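# Topology and contacts: notes
These are the residues of each chain, in order.
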Amino acid sequence: KKLLVARDHSGQKPLYYAKTDRGIVFSSELKTIVDSFFENSEITINEMVVNSIYSNTYSLGEDQTFIHEVSKIKPAEKLSIINNKVSKGKYWSLSEIVKRDVTDPYVETLEKLRESVHLHLESDVPVAVLLSGGIDSSAIACLAKEVCSEVHAITVGYECKDFEGDERELAARL
């Protein structure tokens, strides 16, 4: 049996893992692993991490935590677990993406945006665009309209004469 565990390529969400008596455990929260799988006597503080924080060098490695027994999976890293043995490896690299020959960056960017919007619109429940009137949310709303006949949008406005950030009129035009 093989288990593959991977962290998102940008590292937006943390992913921790530890080897315990019951096997290899993983969670998006360090506290969950510590509370559920360790007794207090089994935990060792990672003094190197604590010392680096207190000495203001902040050299906390991407795979280190304050608890010696728990590690963090790096962004774009995968763990393969076979028979309780862990092997690590990268599954994505920005430098590989940047090296690609792009003939028309505008067209490729637009294709990627369309693909992303289309994937995010796939849902079992109604989806809406949070429309601020800015260029990013406006672009997403326009691309969503290409895919869906009806796009639901949510916007927020403020009735205050000193505040010039009310984008309701612009959002309504979109």
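Refer to the structure printed above.
Residues numbered from 1 in each chain as written. Predicted model: local features only at pLDDT ≥ 70, side-chain atom pairs only at ≥ 80, totals over all residues. Heavy atoms only, no water.

### Considering the sheet that holds strand E3 (residues 23–27)
The strand order across the open sheet built from 3 strands is E3-E2-E4, with neighbouring strands paired in antiparallel fashion. If you trace the sheet from one side to the other, it starts and ends with E3 and strand E4 (70–72), each paired once. Strand-to-strand twist of the sheet, defined as the mean angle between neighbouring strand axes without regard to direction, takes the value 25°. Alignment of strand E2 (residues 16–20) against E3, held across 5 bridges, turns out to be antiparallel. Across the sheet, the residue bridging to Tyr17 is Phe26, located in E3. (Pairing = 2+ DSSP bridges. Helix = DSSP H or I, 4+ residues; strand = E, 2+ residues; numbered from the N terminus. Axes fitted to C-alpha atoms, helices over the stretch in contact; angles between N-to-C directions.)

### Comments concerning the pattern of salt bridges
Applying the stated criterion across every chain, the model contains 3 salt bridges. As a salt-bridge pair, Lys88 and Asp63 come within 4.0 Å of each other at their nearest N and O atoms. Of this pair, Lys88 sits in strand E6 (residues 85–90) while Asp63 sits in the loop between helix H2 (47–54) and E4, and the two are 25 residues apart along the sequence. By relative accessible area, Lys88 is classed as partly exposed at 41%. Put simply, Glu146 and Arg114 hold a salt bridge, and the shortest N to O gap is 2.6 Å. With Glu146 in helix H5 (residues 135–147) and Arg114 in helix H4 (residues 105–121), this pair connects stretches of sequence that are 32 residues apart. Arg114 sits in the partly exposed class, given a relative accessible area of 35%. (Salt bridge = Lys/Arg side-chain N within 4 Å of Asp/Glu carboxyl O. Buried < 20%, exposed > 50% of the residue type's maximum accessible area, 1.4 Å probe, protein only.)

### Quick notes on a nonpolar patch on the surface
Residues Tyr91, Trp92, Leu94, Ile97 and Val98 make up a contiguous nonpolar surface patch of roughly 460 Å² in combined accessible area. Its place among the elements puts Trp92 in the loop between E6 and helix H3 (94–99). (Patch = residues over 30% accessible without salt bridge, like charges linked within 9 Å, V, L, I, M, F, W, Y side chains within 5 Å. Areas by Shrake-Rupley, 256 points an atom, 1.4 Å probe, with all protein chains shown as cover.)

### Points about the side chain of Lys72
Secondary-structure assignment places Lys72 in strand E4. By relative accessible area, Lys72 is classed as buried at 18%. Excluding residues that lie within four positions of it along the chain, Lys72 makes contacts with Arg7, Leu15, Tyr16, Tyr17, Glu62, Asp63, Gln64, Thr65 and Glu77. (Contact = heavy atoms within 4.5 Å.)

### Description of the nonpolar core
One finds Tyr16, Ala18, Val25, Ile33, Val34, Phe38, Ile67 and Val70 forming the largest nonpolar core, which totals 8 residues. When near neighbours in sequence (up to four residues on either side) are disregarded, Ala18 contacts Gly23, Ile24, Val25, Ile33, Phe38, Glu69 and Val70. Counting 7 residues, the second-largest nonpolar core is a separate cluster that includes Val5, Ile24, Leu79 and Ile81. (Core = buried A, V, L, I, M, F, W, Y, C linked by side-chain atoms within 4.5 Å.)

### Describing the sheet that holds strand E5 (residues 77–82)
Within the open sheet, the 3 strands sit side by side as E1-E5-E6. Their pairing is antiparallel. Looking at which strands have only one partner, the edges of the open sheet turn out to be strand E1 (2–6) and E6. Strand-to-strand twist of the sheet, defined as the mean angle between neighbouring strand axes without regard to direction, takes the value 20°. Relative to E5, E1 is paired through 5 bridges, and the arrangement is antiparallel.

### A look at unusual backbone geometry
Backbone geometry at Ala76 places phi at a positive 65°, although glycine is not the residue there. Examined against the element boundaries, Ala76 turns out to sit in the loop between E4 and E5.

### Overview of the pairing of E5
Pairing of E5 with E6 involves 6 bridges; the strand directions are antiparallel. Its bridge partner being in E6, Glu77 is matched across the sheet by Lys90. Hairpin connection, E5 to E6: the antiparallel pair is bridged by 2 residues, and Asn83 has positive phi, about 50°.

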